[in-house]
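Listed here are the chains, written in short residue letters.
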Amino acid sequence: QVQLVESGGGLVQAGGSLRLSCAASGSIFSINAMGWYRQAPGKQRELVARVTSGFSPNYSDSVKGRFTISRDNAKNTVHLQMNSLKPDDTAVYYCNANLVRTDYTGSSFNYWGQGTQVTVSS
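Scope of this entry: the structure provided in the associated data block. (Residues numbered from 1 in each chain as written. Predicted model: local features only at pLDDT ≥ 70, side-chain atom pairs only at ≥ 80, totals over all residues. Heavy atoms only, no water.)

**Some thoughts on the sheet that holds strand S3 (residues 18-25)**
Reading across the sheet, the 4 strands line up as S1-S3-S8-S7 and stay open at both edges, with antiparallel pairing between neighbours. In this open sheet, the two edge strands, each paired with only one partner strand, are strand S1 (3-7) and strand S7 (67-72). Shown here is a sheet whose adjacent strand axes are inclined to one another by a mean of 15 degrees, direction ignored. In terms of strand pairing, S7 meets strand S8 (residues 77-82) through 6 bridges, oriented antiparallel. Bridged to arginine 71 within S8 is valine 78. (Pairing = 2+ DSSP bridges. Helix = DSSP H or I, 4+ residues; strand = E, 2+ residues; numbered from the N terminus. Axes fitted to C-alpha atoms, helices over the stretch in contact; angles between N-to-C directions.)

**Thoughts on the packing of aromatic side chains**
Following the criterion strictly, the structure yields 2 aromatic pairs and no others. Aromatic pair tyrosine 37 and tryptophan 112: ring centres 5.1 Å apart, planes at 65 degrees, arrangement edge-to-face. Placement of tyrosine 37 in strand S4 (residues 28-39) and of tryptophan 112 in strand S10 (residues 104-112) is noted, with a sequence separation of 75 residues between them. The exposure class of tryptophan 112 is partly exposed, given its relative accessible area of 39%. Where tyrosine 104 meets phenylalanine 109, the ring centres are 6.2 Å apart and the plane angle is 55 degrees; that geometry is what we call tilted. Here the basic side chain of arginine 101 rests over the ring of phenylalanine 109, its NZ or CZ set 4.5 Å away from the ring centre. (Phe/Tyr/Trp six-rings, centres within 6.5 Å; stacked < 30°, edge-to-face > 60°. Buried < 20%, exposed > 50% of the residue type's maximum accessible area, 1.4 Å probe, protein only. Lys NZ or Arg CZ within 6 Å of the ring centre and 35° of its normal.)

**Thoughts on the pattern of salt bridges**
This structure, assessed with the given rule, holds 4 salt bridges. With a closest N to O distance of 2.8 Å, arginine 38 and glutamate 46 form a salt bridge. Judged by its relative accessible area of 34%, glutamate 46 falls in the partly exposed class. Residue arginine 101 is joined to aspartate 103 by a salt bridge in which the shortest nitrogen-to-oxygen separation is 3.1 Å. Given a relative accessible area of 57%, aspartate 103 falls into the exposed group. Among the charged side chains, a salt-bridge network with shared partners connects Arg38, Glu46, Arg66 and Asp89. (Salt bridge = Lys/Arg side-chain N within 4 Å of Asp/Glu carboxyl O.)

**Topic: the side chain of serine 60**
Tracing the chain through its elements places serine 60 in the loop between strand S6 (58-59) and S7. If sequence neighbours within four positions are ignored, serine 60 has contacts with Leu47 and Val48. (Contact = heavy atoms within 4.5 Å.)

**Remarks on the nonpolar core**
Ranked by size, the top nonpolar core spans 30 residues in total, and within it Trp36, Leu80, Met82 and Tyr93 carry the most contacts. When residues of this core are traced back to their parent elements, those giving at least two are S3, S4, strand S5 (46-52), S7, S8, strand S9 (91-101) and strand S11 (116-121). Looking at which element gives the most residues to this core, the answer is S9, with 5 residues. (Core = buried A, V, L, I, M, F, W, Y, C linked by side-chain atoms within 4.5 Å.)

**Comments concerning the environment of glutamine 81**
Note on placement: glutamine 81 falls in strand S8. A relative accessible area of 27% means that glutamine 81 is categorised as partly exposed. Sequence separation between glutamine 81 and phenylalanine 55 is 26 residues, and the spatial gap between their C-alpha atoms is 19 Å. Sequence-distant contacts of glutamine 81, defined by excluding residues within four places in its chain, comprise Ser17, Leu18, Arg19, Arg66, Phe67 and Thr68.

What follows is the structure in structure tokens.
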């Protein structure tokens, strides 16, 4: 099986910083893209940041300039450095990966982590 495990969430004051991490493990042949999405209560899940192999990262306008996504391809991990946090950033943050499995290399699949809570107090 393939698993994505997030870590690094927590409670922080406005203006503070957090660094989220996500590690993918299992029968992975290659990873096409990894990214972060978030969902606040009563709202739809939205893109935060995503990086596809061979392309520049994409960021939501609401986080651009404050958040930075980075990948360690050798370790199948992705990080999200979050600076200048605002109360509106409060949400459950989910790691996402589009990858090819070793047992079925003809297709790619999307996987989601369980999520990590980020709470920014005012």
